[in-house]
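# Close look at the chain arrangement
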Amino acid sequence: MVNQQEALERLTGLNLGYILELYEVYRRDATAVTPEWRAFFEQWGPHLEQLAAPPPAAAIAGPAFDFTKIAAVVQLAQRIRHRGHRAARLDPLGSPPPGDPALDPAYHGLTAQDLENLPATLVGGPAAQGARNAAEAIERLRQIYCGTIGYDYGHLQDRTEREWLEEAIESERYRVRLSPTEKRALLERLTAVEVFERFLHRTFVGQKRFSIEGTDTLVPILDEILRQVAEAGIPKVAMGMAHRGRLNVLAHVLGKPYEQILAEFMGLDHREPVALTEGGTLGYTGDVKYHMGGIRAAGQLQVILAHNPSHLEFVDPVVEGMARALQERRDRPGTPEQDVDACLPILIHGDAAFPGEGIVAETLNMSGIPGYTTGGTLHIIVNNQLGYTTEPQEARSTFYASDPARGFEIPVIHVNADDPEACLTAARLAFAYRQRFHKDVLIDLIGYRRWGHNEGDEPTFTQPVMYRRIAEHPTTRELWAQRLVAEGIVTRDEAAALEQELFGKLQHLRQEILARAQRADQVNGSIGSRTPTSATIATAVPLETLKELNRQAHTLPAGFNVNPKLRRQLQRRLEVVEREEAVDWAHAELLAFASLLAEGIPIRLTGQDTIRGTFSQRHVAFYDFETGARVIPLQQMPAARASFAVYNSPLSEAGPLGFEYGYSVQAPDALVLWEAQFGDFANVAQVIIDQFIVSGWAKWRQRSALVLLLPHGYEGQGPEHSSARLERFLQLAAEDNVRIANCTTAAQYFHLLRRQAILRTLDPRPLIVMTPKSLLRHPRAMSPMRELAEGQFQPVLDDPIARQRPDDVTRLILCSGKVYVDLVTSQFAATASHVAIVRVEELYPFPSDELAAILRQYPNARDVVWLQEEPKNMGAWTYMQPRLQSLLDGQTLRYIGRPERASPAEGFAEMHEQEQARIIAEAFAGVPEPAVPA
């Protein structure tokens, strides 16, 4: 296949030899050249054949022609197609387009006369059909590509996509031509959008609303997309957007009642916190009105607008995860069945945020990755041509705000927000492209911002010239009304009456709300409450069931060539269960997954290198050593009644974690887990953790049972591979919002996972687990099979030896996680008969009853110690200290661990060993040294 771009580059200047070569390709296979060259060869083929015959100088029958001019016309046409957007009239405020010299015929050595003398077939495409010559065809291209829509698709590598777009654009198949009735309906729609904003502006002076004015056509664009969605039979739409225009979208696209929005502005929609209960606080803090989402169900179509905090674009991956969950069927074994036409994701961006926020690039990068693709997202940039007070040249290094999308092979449609028909055309074309190729597509809606960033801001302080132009510029509704008046569709009086009618309606609603003084909890109904669920959840699985599941979870197809280094590990996994011996951490996890799948609970597990496991511990997939073919036994278990999905994530955290949060929100039936390569890598996703995972319930009553697996433990690997920042999660824990665990045994982890899966519908809350590294295979962390087949998760584990002689214990050491193993394997442990070591396995909710019972069990333990590996200002100490203190009755509470530090851990292995040894020695201070054998 001849590459069109390469051909055009080689045709810069006369290259008759190449043209003849290309003609031979055309003669063998006409589809192997571009439509433009096909048209050319159809016209000039006979002459080329004469040129190719000896002698080269033979006379040519027919008109004389200049191959330089021919090549120039082809080049000019392609430049207009691919660069015409630079000459398009995209700015409603009238700034001249930047242009491009290559759009001028003279740049290619062409005159007007040349174009008139050459055939339209050289231009090719639908624009050339019916044209008398190249001049007419080029003019048609200019009208199409240099009007109020700028088509930006020349960067696409896939020729099929480029040709489809070229045909769709030039045939004007998706061009919107409204009837008089439709034009009047659009005027009514734009009037509703504008009047709503102006009413809020006049009535609630200075209150933030992040007005849509200047990009009013966003609402008609969404109307058109949703109409297309409904016609295509897509049942759901998942949308995400920041503040700009959100209230208008809520009112006019989601159907949120005007009364409710007005009540929020009037301070009458502040839902009260639920009173504290003995089981924990169930408070509702709520959120500001321009962060709230909503759901619209109209006929067969459901539209979901995700809640979004002030962190602008961080909702992007959340929406993608929601869409993926809504596209998948998980009630069958194997990989979930995805139907990308079960839900359309729509993301509405800001022009400063789209290139400025890295989360956007992370989200775009996931668009084509198997575990994350949603079959094409429709992106819209609400382009104000201004950040808060920041000019474009200060906000980005690219020409267009949309340019980051180019690197991800996404076509961009730039459109002037003051041309409603062009905007609707962009919407139709964008949706059609998504449906044809199931890829992302972007509409760059170029408008302006009529007021300051938040209506309380004075924009003339920083953009005086721009805002003088805005003050003099008619609104989109005014321009549209003027056009309809000129066309005789409406009169000025009718347009004015429409405004007044809507103003009157809003004023009447406001007066009614004032008269009733009705609080929003009466308007909205009960917000509901969270009923704490007892920790007593049956999670044990019969031993014979576990044995059978273990066999199925390790069954590989006949003839499968297992990696020799894994063969022994597989055999051992089979044997230890059959012999009812101890299993390690990853084995217990596998058995938990298998048992849940057998109970019909779908599982989705993702993270960096998660399929194998960062520490080569998991291996849920096996790769044929000879062919590389992959097998995931959990997807092929005969006992499975639900899907199992496992994916290695991109090398990022914020985007993938946001995706999994969104997935968990819309897939409450599934156990959704995200694993960090090392626990502290979750730092990069702190916004997702802070703004969504731990606060989503309190702000929006949004439920999630997402599990975070964060490797944690001090093994001398340095500051960035030791701490999962346990202290941050404990600081964020309140109102029963999360569960935080730091387990020490495989059985505890097994029961914890199963408990979380069972509670995912009964009492859904995120679960944060400090998972081990060195303990993954440590004998002291392994658990006998009977512990999986019996019992349940224990928030606190007592000292199994000390509790047999409780009166001897004078020192009680409380700790959590891996440091426990350091204590019990130290040289001092065997002779420390007066010391009891108790593990706090679940730190939040705080296990006060269990700890109180243990304190009573050791009446002589006057010395109570909290011991941790982390520095004093990190880890669990500041969380545990006041809570433990309230349980003590005259005992002394001491801290043992690293002193306060700026960095979580030492950067040198030798320093780590010294500090770890000091902590352990201090824990057993006063214990006799063990006897040294003679």
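Residues numbered from 1 in each chain as written. Predicted model: local features only at pLDDT ≥ 70, side-chain atom pairs only at ≥ 80, totals over all residues. Heavy atoms only, no water.

Across its full length, the protein carries 33 helices and 26 strands. Projecting the C-alpha coordinates of the protein onto the three principal axes gives extents of approximately 110 × 85 × 50 Å. Here the protein holds 934 residues, and 59% of them are scored as buried. Of the accessible surface of the protein, which amounts to about 36300 Å², a share of 51% is contributed by carbon and sulfur atoms. Taking the average location of the 95 positive side-chain charges in the protein and that of its 117 negative ones, the two points are 2 Å from each other. (Helix = DSSP H or I, 4+ residues; strand = E, 2+ residues; numbered from the N terminus. Buried < 20%, exposed > 50% of the residue type's maximum accessible area, 1.4 Å probe, protein only. Areas by Shrake-Rupley, 256 points an atom, 1.4 Å probe, with all protein chains shown as cover. Lys, Arg positive; Asp, Glu negative; His and termini not counted. Charge placed at Lys NZ, Arg CZ, Asp CG, Glu CD.)

In a regular helix each residue adds 1.5 Å, so 15 residues correspond to 21 Å; helix α9 (residues 218-232) covers 21 Å between its end C-alpha atoms and thus fits that length. Of all the residues in α9, the buried ones are L218, V219, P220, I221, L222, E224, I225, L226, Q228 and V229. Looking at the residues trailing α9, positive phi occurs at G233, about 80°. (Expected span 1.5 Å × (residues − 1).)

Take the sheet that holds strand β12 (residues 603-607) next. Whether parallel or antiparallel, the strands of a sheet pair through hydrogen bonds between backbone atoms. The strand order β15-β12-β16-β17-β19-β18-β24 describes an open sheet built from seven strands, whose pairing is mixed. Every interior strand has two partners, whereas the edge strands, β15 (644-648) and β24 (842-844), have only one. On average, each strand axis in the sheet is inclined to that of its neighbour by 20°, with strand direction left out of account. As paired elements, strand β18 (residues 739-741) and strand β19 (residues 767-771) share three bridges and run parallel to each other. Across the sheet, the residue bridging to A741 is V769, located in β19. (Pairing = 2+ DSSP bridges. Axes fitted to C-alpha atoms, helices over the stretch in contact; angles between N-to-C directions.)

The next point concerns the pattern of salt bridges. Side chains that differ in sign of charge can pair as their charged atoms come close. Counted according to the given criterion, the structure contains 60 salt bridges. Salt-bridge contacts for R184 lead to E188; the nearest nitrogen and oxygen are separated by 3.9 Å. Here the residue R184 and the residue E188 both occupy positions in helix α8 (residues 180-203), the gap between them amounting to four residues, near one helical turn. When the shortest N-O distance is used, the salt bridge between E499 and R477 registers 3.4 Å. Remark: R477 occurs in helix α18 (residues 476-486) and E499 occurs in helix α19 (residues 492-516); sequence separation between them is 22 residues. Residue classification places E499 among the buried residues on the basis of a relative accessible area of 12%. On the basis of relative accessible area, R477 is assigned to the buried category, the value being 5%. Counted as one network, the salt bridges with shared partners bring together R898, R901, E906, E915, R918 and E922. (Salt bridge = Lys/Arg side-chain N within 4 Å of Asp/Glu carboxyl O.)

Running from N to C, helix α31 (residues 848-857) and helix α32 (residues 877-887) cross one another at 50°; their axes reach a closest spacing of 10 Å. One finds that α31 runs oblique with respect to α32. Read as a crossing pair, α31 and α32 show a hand that is right-handed. Of α32, the residues touching α31 (which contributes S848, L851, A852 and L855) are M880, L884 and L887. (Parallel < 35°, antiparallel > 145°, perpendicular 65-115°, else oblique. Left-handed = near helix turned anticlockwise from the far one by under 90°. Contact = heavy atoms within 4.5 Å.)

Where helix α7 (residues 159-170) contacts helix α16 (residues 420-437), the axes come no closer than 12 Å and their chain directions differ by 145°. Read as a crossing pair, α7 and α16 show a hand that is right-handed. Taken together, the residues of α16 that come into contact with α7 (itself represented by T160, E161, W164, L165, A168 and I169) are L429, A432, Y433, R436 and F437. Split into classes, the residues belonging to the contact of α7 with α16 amount to eight nonpolar, one polar and two charged. (Nonpolar A, V, L, I, M, F, W, Y, C, P; charged D, E, K, R; others polar.)

Here we take up the pairing of strand β26 (residues 892-898). Most of β26 is tucked away: five of the seven residues are buried. Two strands pair when backbone bridges link them, and strand β25 (residues 863-871) and β26 are joined in this way by six bridges, in the parallel orientation. Counterpart to W866 in the pairing with β26 is Y895. Crossover handedness for the path β25 to α32 to β26: right-handed. (Right-handed = clockwise from strand over helix to strand, strands pointing away.)

Take the nonpolar core next. Core analysis: the biggest nonpolar cluster contains 137 residues, and L634, L708, L710, W866 and M880 have the highest contact counts within it. The leading source of residues in this core is helix α23 (residues 585-598), at nine residues. Not counting residues within four places of it along the chain, the set of residues in contact with L708 comprises L657, W674, I689, I693, F729, L767, I768 and V769. Ranked by size, the runner-up nonpolar core spans 104 residues in total, among them C146, L301, L305 and I346. (Core = buried A, V, L, I, M, F, W, Y, C linked by side-chain atoms within 4.5 Å.)

Turning next to the environment of E163. Mapped onto the elements of the fold, E163 is located in helix α7. According to the relative accessible area criterion, E163 is partly exposed, its value standing at 27%.

Another point: the sheet that holds strand β7 (residues 343-350). Taken in spatial order, the eight strands line up as β1-β9-β10-β8-β7-β2-β4-β3 in an open sheet, and their pairing is mixed. Each of the sheet's edge strands pairs with one partner strand only, and the pair in question is β1 (149-152) and β3 (294-298). Neighbour to neighbour, the strand axes of the sheet diverge by 15° on average, direction disregarded. Sheet analysis places strand β8 (residues 378-383) next to strand β10 (residues 441-446), joined by six bridges and oriented parallel. Within the sheet, the bridge partner assigned to H379 lies in β10 and is L442.

The next subject is the side chain of N384. Take N384: it is sitting in the loop between β8 and α15 (392-395). If we skip the residues at most four places from it in the chain, N384 touches T215, R244, D351, G447, Y448, R449 and M466.

Counting across every chain of the model gives 19 aromatic pairs. Geometrically, the ring pair formed by F399 and Y400 is edge-to-face, given 4.7 Å between the ring centres and 80° between the ring planes. A relative accessible area of 9% means that Y400 is categorised as buried. Lying across the ring of F399, R86 places its NZ or CZ 4.6 Å from the centre. Directly above the aromatic system of F265 lies the positively charged group of K289, at a separation of 4.5 Å from the ring centroid. (Phe/Tyr/Trp six-rings, centres within 6.5 Å; stacked < 30°, edge-to-face > 60°. Lys NZ or Arg CZ within 6 Å of the ring centre and 35° of its normal.)

The next point concerns the pairing of β8. In terms of burial, β8 is a largely internal element, six of the six residues being buried. Residues L378, I380 and V382 point to one face of β8 and H379, I381 and N383 to the other, with burial holding for every one of them. Relative to β8, β7 runs parallel, the two sharing five bridges. What sits directly across from L347, in β8, is H379.

Our focus in this paragraph is the environment of N365. With respect to the secondary-structure elements, N365 resides in helix α14 (residues 358-366). N365 sits in the partly exposed class, given a relative accessible area of 36%. As a C-alpha pair, N365 and A405 span 40 residues in sequence and 9.6 Å in three-dimensional space. Once residues within four sequence positions are removed from consideration, N365 is found in contact with F408 and P650.

A complete count under the given rule lists zero disulfides for this structure. For C743, which is in no disulfide, the shortest distance to another cysteine sulfur is to C815 and amounts to 13 Å. (Disulfide = S-S within 2.5 Å.)

Note on placement: R396 falls in the loop between α15 and β9 (412-416). No salt bridge is formed by the buried R396. Its closest oppositely charged neighbour is D351, at 4.9 Å. Within the structure, R396 has its side chain in polar contact with the backbone oxygen of T398 (distance 3.3 Å). Engagement of the side chain of R396 in a polar contact is seen with the backbone oxygen of F399, the distance being 2.9 Å. (Polar contact = N/O pair within 3.5 Å; in protein donor to acceptor, adjacent residues only side chain to side chain.)

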